[in-house]
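Summary of structural features
Given next are the chains, with one letter for each unit.
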Amino acid sequence: MSDDRDMTGHCDTGTSQPGPAPEAGGPPFAECVLCRRPTEYPESYKGITLCPVCEWQEAQRTACSG
């Protein structure tokens, strides 16, 4: 069996190229307490701030510590 349907316009958004990515903005972000990379938390966040990588690694350590 052959499929003769034309699927070229299936997901057409009307633009040929996406626009430039938006600039990262917003409030200044707090530093990770372990590696000092920016976190997802604003500087005004109270408590321990971890970047996504360190947060994931810390979750693995605590999950495996019987």
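Residues numbered from 1 in each chain as written. Predicted model: local features only at pLDDT ≥ 70, side-chain atom pairs only at ≥ 80, totals over all residues. Heavy atoms only, no water.

**Details of a nonpolar patch on the surface**
Stated formally: Here the term patch refers to residues with relative accessible area over 30% and no salt bridge, with like charges joined within 9 Å and nonpolar side chains (Val, Leu, Ile, Met, Phe, Trp, Tyr) within 5 Å. What sets the accessible areas is the Shrake-Rupley method with a 1.4 Å probe; for residues, cover comes only from the shown protein chains. Throughout this description, the term salt bridge denotes a Lys or Arg side-chain nitrogen within 4 Å of a carboxyl oxygen of Asp or Glu. Secondary structure follows DSSP: runs of H or I at least 4 residues long count as helices, runs of E at least 2 residues long count as strands, and numbering of each begins at the N terminus.
A contiguous nonpolar surface patch, about 320 Å² in accessible area, is contributed by Val33, Leu34 and Ile48. One can find Leu34 in the loop between strand E1 (29-31) and strand E2 (38-42).

**Topic: the environment of Pro52**
Heads up, the rule is: Under the scheme applied here, a residue whose accessible area is under 20% of the maximum for its type counts as buried, over 50% as exposed, and between as partly exposed, the area being computed with a 1.4 Å probe on protein chains only.
The topology assignment puts Pro52 in helix H1 (residues 52-63). Accessibility expressed as a relative area gives 43% for Pro52, which makes it partly exposed. As for Pro52 and Glu40, which are separated by 12 residues in sequence, their C-alpha atoms are 7.5 Å apart.

**Considerations on the pairing of E2**
Rules: Note on pairing: DSSP must find at least two bridges between two strands before they are called paired.
As paired strands, E1 and E2 are joined by two bridges and run antiparallel to one another. Each residue of the ladder has a partner; that of Phe29, found in E2, is Pro42. The hairpin formed by E1 and E2 contains six residues between the paired strands, and Arg36 there has a positive phi angle of roughly 70°.

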